[in-house]
Every structure is written in C-alpha cells, then in structure tokens.
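# Geometric and topological summary
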Amino acid sequence: MGSLQDVEETLAGDGPASASSSLRRSSDFAAGETLGRYMILERLGAGGMGVVYAAYDPSLDRKVALKVLRDGARSAGDEDELLNEAQTLAKLSHPNVVAVHDVGSLDDHVWLAMEFLQGVSLTTWRKEHSPRWTEVVEVMVQAGRGLEAAHRAGILHRDFKPDN
C-alpha cells in the first residue's frame, strides 16, 4: 500500500468505507471500517488479548498492523499493560523487533499500531518450505536476539512461540 488510491483499489467491491467504530462495541472490524485515523484493510489473526488487522494510516501514507484489544479481554490492567508495552517498544530499536508507531483509544476500543511486516509464522514457514536445520537455527537465533533486546529493555514477552 503506497497511497490512498491503493487502499481504494484494495477495498473496491467490499462496500462503503464510511462505517465508524463509534457505531459498534465489538473488536471485530470489516474491511473499509475505520478506527480513529486507521482504515481497516483485513483481519490478520487473533489471540487471547486482541485481534490484529492490516490497516492503512492516511496521515503517514503507510500500511500498519493494528492490534485491537478484545472487548472481553479488556480491563484497566489490560489497557495499562498495552500502554506500557507500547511505550517500552517505542523506545526499542532493533532489526528483530517490530516498531511501534502509535497507541490510542476511541470509544471502547484500545489499539496499538505497529510496523506491518509481510510474512508467515514460523510454523507455516517450516511446513511450506521444509528448511534445512541450519536455516531453522538461523531464524531462531534472530528471534532470540530480538527477545534478548526486549528483555534488556524491560519487556517480558509472555507468549513467545512459533505462531507469534
């Protein structure tokens, strides 16, 4: 995605892009809906704490990964945890750690906007490519270096696994 024109082409045929997050309470968004300044492009996945979407940031003309806290998982503690995670990650610059661009809330929705990285999980990569053991070790060392950098910055990753 390089521009609003790219976003419009992506969403062509998916209905109007005028829906507002203020009309709903669910953390499930459809392509074309907005959350703050972010336009949802597609749902990428979900975990226990949130749902991750590919989204477009028109202010900075870039595609981002938008992690939205699940409605059922929300508590003051979860919001504080997400804010602390965002603040700590924003101070961390490492090639093996995703960059944080923004954190915010609107109505009942709390989100974290991160660098969008194209790719697949390690589980999928291993199934689809049948890599040699040396390639697996290389990838795991890179992941470990990112985890080490996060730990040095005071971040405790509580869900480090091949699917994350």
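You'll find the structure just up there.
Keep in mind that this is a model prediction, so the values were computed, not measured.

### Here's the deal with the packing of helix α3 (residues 122–129) against helix α4 (residues 133–152)
It is the contact of α3 with α4, at a shortest axis distance of 12 Å, that shows an interaxial angle of 165°. Taken together, α3 and α4 sit at an angle that is classed as roughly antiparallel. The handedness of the crossing between α3 and α4 is right-handed. The segment α3 lies against α4, with L122, W125 and R126 engaging E135, V136, V139 and M140. For the contact of α3 with α4, the class distribution of residues is five nonpolar, no polar and two charged.

### Some words on the sheet that holds strand β4 (residues 62–69)
Here six strands make up an open sheet; going across it, the order is β1-β2-β3-β4-β6-β5 and the pairing antiparallel. With partners counted over all chains shown, the strands left at the sheet margins are β1 (34–35) and β5 (100–106), one partner each. Both β1 and strand β2 (residues 38–46) contribute to a ladder of two bridges, which runs antiparallel. The partner of L35 across the bridge, within β2, is Y38.

### Quick look at the pattern of salt bridges
Counted under the stated rule, the structure contains four salt bridges. Measuring nitrogen to oxygen at the nearest pair gives 3.9 Å for the salt bridge that ties R37 to D102. Of this pair, R37 sits in the loop between β1 and β2 while D102 sits in strand β5, and the two are 65 residues apart along the sequence. Note that R152 and E148 form a salt bridge whose closest N and O atoms lie 3.4 Å from each other. Placement of the pair is R152 and E148 together in helix α4, with a separation of four residues, close to one helical turn.

### Observations concerning unusual backbone geometry
The phi dihedral of D61 falls on the positive side, at around 50°, and the residue is not glycine. Here D61 lies in the loop between β3 (50–57) and β4. By relative accessible area, D61 is classed as partly exposed at 35%. With a phi close to 45°, S130 is a non-glycine residue in the positive phi region. Along the polypeptide, S130 turns up in the loop between α3 and α4. The exposure class assigned to S130 is exposed, which follows from its relative accessible area of 59%.

### Let's talk about the pairing of strand β6 (residues 109–115)
Across the seven residues of β6, six count as buried, placing the element largely inside the fold. By the bridge criterion, five bridges tie β4 to β6 in an arrangement that is antiparallel. Opposite L66, over in β6, you have A113 as the bridge partner. Alignment of β5 against β6, held across six bridges, turns out to be antiparallel. Across the sheet, V100 pairs through a bridge with M114, a residue of β6. Where β5 hands over to β6, the hairpin turn is made up of two residues, of which D107 adopts a positive phi near 55°.

Rules used in this analysis
- Residues numbered from 1 in each chain as written.
- Predicted model: local features only at pLDDT ≥ 70, side-chain atom pairs only at ≥ 80, totals over all residues.
- Heavy atoms only, no water.
- Axes fitted to C-alpha atoms, helices over the stretch in contact; angles between N-to-C directions.
- Helix = DSSP H or I, 4+ residues; strand = E, 2+ residues; numbered from the N terminus.
- Parallel < 35°, antiparallel > 145°, perpendicular 65-115°, else oblique.
- Left-handed = near helix turned anticlockwise from the far one by under 90°.
- Contact = heavy atoms within 4.5 Å.
- Nonpolar A, V, L, I, M, F, W, Y, C, P; charged D, E, K, R; others polar.
- Pairing = 2+ DSSP bridges.
- Salt bridge = Lys/Arg side-chain N within 4 Å of Asp/Glu carboxyl O.
- Buried < 20%, exposed > 50% of the residue type's maximum accessible area, 1.4 Å probe, protein only.

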